[in-house]
Amino acid sequence: MIALVDCNNFYVSCERVFQPRLHERPVVVLSNNDGCLISRSDEAKALGFEMGEPYHLARARLQAHGVQVFSSNYALYGDMSRRVLRVLGEFTPEVDVYSIDEAFLNLAGMRYHAGAAGLDAYARRISATVHEHVGIPTAIGVAPTKTLAKLANRLARQLPAGQRVLVLDSDDSRWAALHQTAIGKVWGIGRRYAPKLEAAGIRTAADLVAASEGWVRRHLGGVVGVRLWQELRGQPCLDFDAADLAAEPGQPAAGRHSVTCTRSFGRPQSDLAALREAVATFVSQAAEKLRRHGLAAHVLTVLLGTDKHAPGPGARTHTTVATLPTATNDTGELIQLALQRLELLMRPGTAYYRAGVTLSGLEPPGQAQLSLFGQSAEQLEQRRQLMAHLDALNARFGRGTVRYAATGLDDGAWRGRRNLMSAPCTTDWERLWQVRS
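The shown structure was predicted, so the numbers you read here are calculated from the model rather than taken from an experiment.

*Asks:* I would appreciate a short explanation of the overall build of the protein chain in the present structure.
*Replies:* Secondary structure summary: the protein chain contains 15 helices and 12 strands in total. Taken across its 437 residues, the protein chain has 44% of its residues classed as buried. Entry remark: accessible area of the protein chain is about 22,900 Å², with carbon and sulfur atoms responsible for 51%.

*Asks:* Would you explain the sheet that holds strand E1 (residues 2-7) in this entry?
*Replies:* In space, the five strands of this open sheet follow the order E5-E6-E1-E7-E8, with mixed pairing throughout. Each of the sheet's edge strands pairs with one partner strand only, and the pair in question is strand E5 (95-99) and strand E8 (165-167). Averaged over all pairs of adjacent strands, the angle between strand axes in this sheet comes to 15 degrees, irrespective of strand direction. In terms of strand pairing, strand E7 (residues 138-143) meets E8 through three bridges, oriented parallel. Looking at E8, one finds that Ile140 is bridged to Val165.

*Asks:* Teacher, can you tell me more about the sheet that holds strand E2 (residues 27-30) here?
*Replies:* Strand pairing in a sheet relies on backbone hydrogen bonds. The paired strands run either parallel or antiparallel. The strand order across the open sheet built from three strands is E3-E2-E4, with neighbouring strands paired in mixed fashion. Only two strands of the sheet have a single partner each, and these edge strands are strand E3 (37-40) and strand E4 (68-70). Geometrically, the sheet is characterised by an average inter-axis angle of 25 degrees between neighbouring strands, direction not taken into account. Summarising the sheet, E2 and E4 pair through three bridges and their orientation is parallel.

*Asks:* How should I be thinking about the pattern of salt bridges in this particular structure?
*Replies:* Side chains bearing opposite charge may pair, as long as their charged atoms lie close to each other. Counted according to the given criterion, the structure contains 16 salt bridges. Two residues, Arg157 and Asp6, come together in a salt bridge whose shortest N-O distance is 3.3 Å. Of this pair, Arg157 sits in the loop between helix H7 (146-156) and E8 while Asp6 sits in strand E1, and the two are 151 residues apart along the sequence. The salt bridge involving Arg82 is made with Asp79; its shortest N-O contact spans 3.9 Å. Of this pair, Arg82 and Asp79 are both found in helix H4 (residues 74-88), three residues apart, which corresponds to roughly one turn of the helix.

Here is what the cut-offs are and how they apply
- Residues numbered from 1 in each chain as written.
- Predicted model: local features only at pLDDT ≥ 70, side-chain atom pairs only at ≥ 80, totals over all residues.
- Heavy atoms only, no water.
- Helix = DSSP H or I, 4+ residues; strand = E, 2+ residues; numbered from the N terminus.
- Buried < 20%, exposed > 50% of the residue type's maximum accessible area, 1.4 Å probe, protein only.
- Areas by Shrake-Rupley, 256 points an atom, 1.4 Å probe, with all protein chains shown as cover.
- Pairing = 2+ DSSP bridges.
- Axes fitted to C-alpha atoms, helices over the stretch in contact; angles between N-to-C directions.
- Salt bridge = Lys/Arg side-chain N within 4 Å of Asp/Glu carboxyl O.

Listed below in structure tokens is the structure:
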């Protein structure tokens, strides 16, 4: 059996942990650059606020209803996510992290560990422990496959708060869940296939399961569609990619293929100096993540984006790619290369609304053959030690305490709007809560 644990309204829940006054009040969290609504409390949903709704269009209604609004505080959310995952790791040795607020748990064999009370009680204990230790409410769906667990989780989220657990451990419970799930809500169907399936009379997940394998193969993408069909029938087809939650920083991260850091600007930028600061900052953050996961990159991609809503034809995102002769996670080396590619990519007078970098072609450092004309082994070791000291200082005194001058100042004009951000309660020593008796 597989459980999908989903943190309820995760960003909002993180804010509520440190501001109890927000409980039972409508709360929303905004996307990068305070652009749109990306997390809503149940109270805000009940007022009619939609996922992805532009903030500038919703602002008057938010104020009229007294909704508390926050900018995204990703440092806080990332730290709270890690805390949730550590708790989940206490209940099973295999946790497959799906997103910042979702994870699959392999509960194979846990039926015996759970005892006479069964997996329903075990799942409720997981949910209660996460809430007690981290303060985050969750919904849990348990089923024989990942797709069914996702389906069960969706139904569990519709239950009253504190009771959001659903276990599909029998044919009757599975069929009931399949009949309750519209075909467009099935994980993996997507917007393109849902209308086609509905037109063919497939309106629920149960209708799809009742179809023949041959029909599914012809109308639902061949082998991929058949795997989805089998998953809904209780036959596991999706791999379980367990993360090593106990791994120390610097250990290779299995399954990671790239690291991306991209942001929208607070206002459009056409100045090369501002764009250089932004790209250097994104490279620094991506390289730090590489080192944290014990990886190095062979390929660097720089992107610049223009106004995606502008009239007329033409690409809105422009990229340039550079291949390194030897994989690296050295911030200085990657910044130098990224800035060279940026100058080739940028067009004078063009206003850019976003920028970013992607590091790919990942492998554990030290395995690649050294370049004949590159740095010696001694020089590489010196650079490795420099990066290790850089990371150690920033880990001790706060991110960005020591950084490359190319990243500029914290208040650079390119940085996105975050006018409503809460305090970094768990990641800044100066802002930690103090309890006085």
